[in-house]
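Next come the chains, spelled out residue by residue.
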Amino acid sequence: MSFDPHPIHEREGIVEFDVFIAGSGPIGALFARQLVDAGHNVVLVEMGDQSTAVPGSHKKNEIEYQKDIDRFVRVIQGALSTVSVPTSSTVIPELDPAAWRASKPEQSILTNGRNPLQKTHNNLGAEAVTRTVGGMSTHWTCATPEFLKRSGDTVYERPIIFEDVAKDNKEWGVLYDAARSIIGTSETEFDHSIRHNVVLNALRKHYPDRGVKPLPLACHRVAENSPYVMWHSAENVFGDMFDKKQEKKKNANGVQRGKFCMLVNTRCTRLHLQNDPAVPSIVTAEVRDLLAARLADETHAPSPGKDYYIRAKTFVIAAGAVATPQILANSNDLGGRPFGGRRDSPPSALIPNLGRYITEQPMAFCQIVLRQDLVDDAGNVEGKPEWWKKAVVEHRSKNPDDPLPFPFRDGEPQVTIPASYERPWHTQIHRDAFSYGEAGPRVDSRVVVDLRFFGRQDSEINNKMIFEDKFTDAYGMPQPTFEYEPSVKFADEASRMMNDMTDVANKLGGYLPGSNPQFMTPGLALHLGGTTRLGLKAQDSVGNYNSQVWKFNNLYVGGNGLIPTAFAANPTLTSMCLAIRAAHKIHMDLENKSFKPPSEDTPLEHIPPEWVRWTNDPNHPHFPHHNRPPQKSI
Ligand SMILES: Cc1cc2nc3c(=O)[nH]c(=O)nc-3n(C[C@H](O)[C@H](O)[C@H](O)COP(=O)(O)OP(=O)(O)OC[C@H]3O[C@@H](n4cnc5c(N)ncnc54)[C@H](O)[C@@H]3O)c2cc1C
């Protein structure tokens, strides 16, 4: 190799790290947290910069956005880089004839990561990535529902780890409880919001059998009755790992934390295999220091001073559903054979299912302005709880000219009608910022409610993400191209979902002009799945349910790309569950110094209760308290 070991080895005096992680989103963070707390030395590389004072914190916690949620729309827009943008014509018909035009008008625009191989009809046009410490969790909505479990032999959303139903239910129960505790999910933070209760009560009245309830959200109110909410993110997963005073903290077994090093502005370029390819084993990750690379020319060839290798015993790629397969697709074995996922990957590729069977969610959206009778009733304090009465009376006396009974800082509605076997779609009936759906100046934001309904798409082998050999993205990695068409299987489900959304909307109010019911651009849900799918068999998956890549003895993946099922709900909580299992497996490999490739024939094991004890025992030194106010029960 024509480049050197990364200076971090010398700086820390560590010749070989126990674990290398690519990506600092909530999933990379969760791998790091568990493995460092178990005593292992971990190095994590992150392509983006640290853009918040506390690493990976949610940007919506800034007072500016708490005061005006609509301002956050532009933060999200700025954070999202679209993955594959087809080229467009260089000809602008309305242009001044004196302005430049291409000599061959059929030529197209190629700059800014345009992808000449991306067709429009099968693109996931709104699929995007976020590159920063904390990944997408620095702006996410924090909805953390469970996936709908199987019914008999029919798989709904939740993947099958164990064929045996009782074993599978038990495992997911343990994993979901742990994940909720780590990210700090709650359903009670909006209990004292009038608008929240208006929506909740109205929907409960109209749909008494559908289990209408508060949306599970990873957040906490900073103090009882405060209008401010702390939104959780990778920051909560990292916990106190960046606190220098806690470097030597011990876990419940008296084991001291391992070293944790995070390198920002550092791209994981590819992985390198050991010389003996009989059992594929990764020995180094090639990384590029993007700041150092600014000083040199933009060559893609590795060169000293900007490209380094990092040596480790195990490798976790958790760089999001797009970049995880991208890094793997950019890696070769010694014979130059790609791992898989490239446009011209040979059938003998080491990871043949990379980027195949991808899924996204059809997403229906509208906004309504609350019905007159609902608003009038909210202002009628008779029979309302004391806190409600007090809030309305105080608001009216201070603001006699306000036409609405809602205090200006009344919490927003955060409601869901949970997915069911009859209606297997995920619903968010709430008010929040996304990259669209700003309420605008013509309407009082307090009477606007957003409806976001997310549907399922079947995982089909021909729905793919292909990594190009000839083109790179803006960061010098192989350009992804989507070949994705909606699956026929759930087409009818999408129509029923739209009907359901309009039915619910009509119960609540009238459409806000410009936000009538519509399906959004494919990919906008940002819940790409299946790109590195797990399975019980190697023939149709990338790894097993320990998140270990088939054939390799020390390669693990993390993130939403692992989910092999058709899912409608927001996936991060479920991806956390998978990362909990995976980190335990890595821990065991490191403890036993035994690294073997996964086998279809070796039965998987339950996660032992000790591994998740830190998440359910408030006296455990690592228990995630999330700095909640002391008066609240946790
Ligand atoms: C507007 C919005 C709303 C959302 N709402 C929800 C929600 O309510 N509920 C939910 O479950 N999910 C939601 N999501 C999605 C959620 O944020 C993601 O599921 C989650 O962040 C995925 O975590 P991750 O760690 O796998 O990946 P990411 O958060 O994407 O992090 C991956 C990290 O890897 C880094 N990286 C990429 N390539 C490389 C490389 N080559 N080398 C080194 N680092 C690299 C990236 O810079 C990034 O920081 C939302 C997202 C957005 C943007």
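What counts and what doesn't
Residues numbered from 1 in each chain as written. Predicted model: local features only at pLDDT ≥ 70, side-chain atom pairs only at ≥ 80, totals over all residues. Heavy atoms only, no water. Near = heavy atom within 4 Å. Polar contact = N/O pair within 3.5 Å; in protein donor to acceptor, adjacent residues only side chain to side chain. Areas by Shrake-Rupley, 256 points an atom, 1.4 Å probe, with all protein chains shown as cover. Helix = DSSP H or I, 4+ residues; strand = E, 2+ residues; numbered from the N terminus. 1 Å grid on protein atoms, 1.4 Å probe; cavity = no way out; pocket = protein on both sides within 12 Å on 5 of 7 lines; lining within 4 Å. Points joined across faces, edges and corners; volume = space filled by probe spheres on them. Nonpolar A, V, L, I, M, F, W, Y, C, P; charged D, E, K, R; others polar. Salt bridge = Lys/Arg side-chain N within 4 Å of Asp/Glu carboxyl O. Buried < 20%, exposed > 50% of the residue type's maximum accessible area, 1.4 Å probe, protein only. Contact = heavy atoms within 4.5 Å. Core = buried A, V, L, I, M, F, W, Y, C linked by side-chain atoms within 4.5 Å. Pairing = 2+ DSSP bridges. Right-handed = clockwise from strand over helix to strand, strands pointing away.

Peer 1: Describe the site of the ligand, and please don't skip the residues or the numbers.
Peer 2: Taken together, 36 residues are adjacent to the ligand, and Glu46, His139, Cys268, Asn560 and Thr572 come closest. Thr141 places a polar main-chain atom, nitrogen or oxygen, 3.1 Å from a nitrogen atom of the ligand. At a separation of 2.8 Å, an oxygen atom of the ligand approaches a polar side-chain atom of Asn560. Here the ligand has 1,000 Å² of accessible area as a free molecule, and 97% of this is covered by the chains. Going through the elements one at a time, α2 (26–37), β13 (266–273) and α9 (320–329) are the ones with two or more residues in the shell around the ligand.

Peer 1: Which residues make up the layout of surface pockets, and what are the values?
Peer 2: Empty space within the second largest pocket amounts to approximately 670 Å³. Contributing to the lining of the second largest pocket are 25 residues, with His192, Asn225, Ser226, Trp387 and Ala391 lying nearest its centre. With six residues, the single largest contributor to the lining of the second largest pocket is helix α11 (residues 386–398). Residues belonging to the lining of the second largest pocket are distributed by class as follows: seven nonpolar, eight polar and ten charged.

Peer 1: Kindly report on the pattern of salt bridges, identifying the contributing residues and their values.
Peer 2: Under the criterion given, the structure shown has 34 salt bridges. In this structure, Arg342 engages Asp469 in a salt bridge whose closest nitrogen and oxygen atoms are separated by 3.0 Å. Linking Arg342 in the loop between α9 and β16 (363–370) with Asp469 in strand β20 (residues 464–472), this pair joins segments that are 127 residues apart in sequence. With a relative accessible area of 17%, Arg342 lands in the buried category. Between Glu394 and Lys390 there is a salt bridge; the shortest N-O distance is 3.9 Å. With a gap of four residues between them, Glu394 and Lys390 both fall in helix α11, about one helical turn apart. On the accessibility criterion, Glu394 (38% relative accessible area) is partly exposed. One network of salt bridges, in which partners are shared, links Arg33, Asp37, Asp240, Lys249 and Arg257.

Peer 1: Can you lay out the side chain of Asp18 for me, pointing to particular residues and giving the numbers?
Peer 2: In this structure, Asp18 sits in strand β2 (residues 17–22). Here Lys313 takes part through its side chain, which lies 3.0 Å from a polar atom of the side chain of Asp18. The residues contacting Asp18, other than those within four sequence positions of it, are His40, Asn41, Ala312, Lys313, Thr314 and Leu590.

Peer 1: Got a sec to walk through the nonpolar core? Specific residues and values, please.
Peer 2: Formed by 107 residues in total, the largest nonpolar core has its most connected members in Phe20, Phe31 and Ile580. Sequence-distant contacts of Ile580, that is, excluding residues within four places in its chain, are made with Leu30, Gln34, Leu175, Ala178, Ala179, Ile182, Ile607, Trp611 and Val612. Listed in part, the 37 residues of the second largest apolar core include Val199, Tyr207, Val375 and Val447.

Peer 1: Describe the environment of Arg288, listing the residues and the values that go with them.
Peer 2: For Arg288, the position within the fold is in strand β14 (residues 282–289). Relative accessible area serves as the criterion here: at 5%, Arg288 is assigned to the buried category. A C-alpha to C-alpha distance of 9.4 Å links Arg288 and His6, two positions 282 residues apart in sequence. Excluding its chain neighbours within four sequence positions, the residues that come into contact with Arg288 are Asn265, Thr266, Arg267, Thr269, Ala293, Thr299, His300, Ala301, Lys306 and Asp307.

Peer 1: Outline the pairing of strand β3 (residues 42–45), listing residues and values.
Peer 2: Neither face of β3 is open: one carries Val42 and Leu44, the other Val43 and Val45, and all of them are buried. Note: β2 against β3, four bridges, orientation parallel. Within β3, the position partnered with Ala22 by the bridge is Val45. In this fold, the crossover linking β2 to β3 by way of α2 has right-handed handedness.

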